[in-house]
Amino acid sequence: VTLNRPSHPVPADPAVHPAWLPEAAFAPLGSRRVALVLDDASPVADTVRAEVTAALAAHGGAAVEAAEAADVVLALRPADAAPQFQSDGDLDPEAFTYARAGGVVTVTASDARGLLYGLFHLVRLGERAFTGADVVERHAPHTPLRMLDHWDNIAVHPVMGQVERGYAGGSIFYEAGVVREDLTRVAQYARLLAASGVNRVAINNVNVGPAETRLLDDLLPDVARIAAAFRPYGITTHLSVSWASPVRLGGLATSDPFDAGVQEWWAGAADRVWAAIPDFGGFVIKADSEGQPGPFAYGRTHADGANMLAAAVAPHGGLIHWRAFVYNHEQDWRDRRTDRAKAAFEHFAPYDGTFADNVIVQIKHGPLDFQVREATSPAIAAMPRTRVAPEFQVTTEYLGHQKHAVYLGRMWSQLLAFPYWGQDGDGSRSGRTMADVAAGRHPLGDGTRVGGLAAVSNVGDDVFWTGHPFAQANLYAWGRLAWDPTADPIAILDEWIALTFPGATALVRETLHAILDQSWETYEMYTAPLGVCFMVQPGSHYGPSPDGYEYSPWGTYHFADRDGVGVDRTRATGSGYTGQYPAPWSDVYESLDTCPDELLLFFHHVPYSHVLHSGKTVVQHVYDTHFEGLERVLEAARRWTEAQDAFPADVAERVTERFAEQVRSATDWRDVVNTYFLRHSGVADAHGRTIY
Ligand code: GCU
């Protein structure tokens, strides 16, 4: 029984907002007598020691040697553990058991990683961890791969900047064309991620430029430094790689996956990476997508490409996250047969069962691109014999750029719970969700194809990490839902509030709930209606532009004219996209009678006079939601103004500034969209409100 001194301190930069790990959050644990039973020299074990030591030092508790004298015992599961600690679940290195008996709390795990998660579980529970009736709870993550992808560039991109779709300043990894010397901030980030449940990070943009290609080469020692900052918190580092690397770095004439020289080059690259970073995770790749190079140039398929890379990393236990975001971005808008929504399914489903064991096909949650409301991607359900990782976007590219207060926990939770085979259809399939598929529980699979969950990070070098301080809640919720997709997103928001604003008064809690609980729907109300997508400014994707992507090579998203609006994706008269869904959705979406209102214009082209299930016409719905959406924003801003003095001054100042912009932007959205529909339809608002 030892409490060794840790070899490194808890990483902290006092100039940076502590997010959900302020020192005060450790008071309940740090003021008690803690016994650490941890005969383990791993970096994560050292972190557990460091966390406990720091908490005790800050809050006056004591490290005790004998478990009998402790209020809290944190222990690697000893060989002679009581039977309740010896279930199969505990074989998961990330699992832990939390037990409270006779006032003593015990956290046990079979691995230091599980113990670290158990420690953060205690922090999350706060005083509640130590009070109440006896309990024994086993906690384990839903999937072993819970990943964040950074779209960070080393070289500042002339249009996209340092972080593509980043709304929180520069990169925490890179600055001025090099990897930062001081990675304290990265270590602090690792700590926040571990406390939310994330365990993998890809550190560079999926659009890999010449500078970023070098991460595989001469910048490898820098990658090793970043991996060293993540490792103590149980986080594995991955890299995005360019398909053209053998040409760019190796000087080869080709990157054909069937070329022996190319295969050899990748095997050599993998050898070098794992020699530098023995616990490296693997490669993420965006190939043949939006101009990125890929195997198509050589007449090869995505499976050919993925499997070649998979062979190169397999000897090291590495993974290939191969992205399915593949579509024709050079369409002729005149050609009504092309439907971008169909692309991922068409490119990947035919290859189900041919991907190597260490390939994970990473598929955006919707068939288009992280819109405020789009259908769930049918490609996710189409590959029972493939490891699949649904991809989400924590950064709010289409949801207000972290200038608008938009909490996404409820949106993600709904998507993860989407029952691809219905709730009460064929008994063997009904009830299986997107989250089930991610965990390898596809109803037609054999249960061995365990995928994962991935998301694009929203973090930058901003003092609040995320631009809008409330956007921290999205990062937190992402990790918590990746750990447990069935968790209640409002309870997660509550956790975030309690941790981030220690001692939060009822006013603080109620204000945050009033602003955030329904904020996703509010954003939907004042932006694009009923599943219409991309009514945004092209390029930036911020602010309204109803025709921004009409007549565009990137796709066409609503076909509004004087008579009606929406994309006909039916089998009967449209693009046939509905046929990519399993029953019952293939029929539910096909029929105007059963298609849910919120997705109506995603699946159907209808006249403005079409009556929704709600009883309103489409055009009146547009007007009503846009007026009400702005009203809701104004109400949120009013609640904020009333309560802002109850928040820390730095948070208050930033949030006040963001609300001013949200109100301005939401007003713009209301008026531009309403005016657009009035001019197109000629139908006046039933309530005679001002439309320009
Ligand atoms: C969107 C986004 C791009 C990004 C791409 C992707 O198109 O606008 O910035 O590169 O998604 O996911 O690869």
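- For the protein, the name recorded in an unreviewed UniProt entry is Alpha-glucuronidase, with Xylanimonas ulmi as its organism.

### Section: the packing of helix H13 (residues 472-483) against helix H14 (residues 489-500)
Move 1: Following both chains from N to C, one finds H13 and H14 inclined at 125 degrees, their axes separated by 10 Å at the closest point. Relative to H14, the element H13 lies oblique. The two elements H13 and H14 cross, and the hand of that crossing is right-handed. Taken together, the residues of H14 that come into contact with H13 (itself represented by Gln472, Ala473, Tyr476, Ala477 and Arg480) are Pro489, Ile492, Leu493, Trp496 and Thr500.

### Topic: H13
Move 1: The terminal C-alpha atoms of H13 lie 17 Å apart, and with 12 residues this matches the ideal 16 Å at 1.5 Å per residue to within 8%.
Move 2: Taken across its 12 residues, H13 has 12 buried, putting it largely inside the fold.
Move 3: By the burial criterion, the buried members of H13 are Gln472, Ala473, Asn474, Leu475, Tyr476, Ala477, Trp478, Gly479, Arg480, Leu481, Ala482 and Trp483.

### Looking at the nonpolar core
Move 1: One finds Val48, Leu74, Ala190, Leu309, Ile320 and Val361 to be the most contacted residues of the largest nonpolar core, which totals 211 residues.
Move 2: In this view, Leu309 contacts Trp266, Phe283, Ile285 and Ile320; residues no more than four positions away in its chain are not counted.

### Looking at the UniProt feature "domain: Glycosyl hydrolase family 67 C-terminal" (unreviewed entry) in the protein
Move 1: Mapped onto the present numbering, the UniProt feature "domain: Glycosyl hydrolase family 67 C-terminal" (unreviewed entry) falls at residues 466-689.
Move 2: Each end of residues 466-689 is marked by a C-alpha atom, and these two atoms are 37 Å apart; helix forms 50% of the span and strand 2%.

### Details of the site of the ligand
Move 1: Within the structure, the ligand sits among Glu164, Arg165, Val206, Asn207, Lys286, Glu290, Phe325, Asp369 and Glu397.
Move 2: Here the residues of the shell around the ligand sort into 2 nonpolar, 1 polar and 6 charged.

### Re the sheet that holds strand E4 (residues 96-101)
Move 1: The 6 strands lie next to each other as E2-E1-E3-E5-E4-E6, forming an open sheet whose pairing is mixed. The sheet is open, and its two edges are formed by strand E2 (62-63) and strand E6 (135-139), each paired on a single side.
Move 2: Helix H2 (residues 43-59) contacts strand E1 (33-37), E2 and strand E3 (72-76) of the sheet and is inclined by roughly 165 degrees relative to E1.

Definitions and cut-offs
- Residues numbered from 1 in each chain as written.
- Predicted model: local features only at pLDDT ≥ 70, side-chain atom pairs only at ≥ 80, totals over all residues.
- Axes fitted to C-alpha atoms, helices over the stretch in contact; angles between N-to-C directions.
- Helix = DSSP H or I, 4+ residues; strand = E, 2+ residues; numbered from the N terminus.
- Parallel < 35°, antiparallel > 145°, perpendicular 65-115°, else oblique.
- Left-handed = near helix turned anticlockwise from the far one by under 90°.
- Contact = placed C-beta atoms within 7 Å.
- Expected span 1.5 Å × (residues − 1).
- Buried ≥ 20, exposed ≤ 12 C-beta atoms within 10 Å, placed from the backbone.
- Core = buried A, V, L, I, M, F, W, Y, C linked by C-beta atoms within 7 Å.
- UniProt positions renumbered as here; feature names shortened; annotations may be inferred.
- Near = placed C-beta within 6 Å.
- Nonpolar A, V, L, I, M, F, W, Y, C, P; charged D, E, K, R; others polar.
- Pairing = 2+ DSSP bridges.

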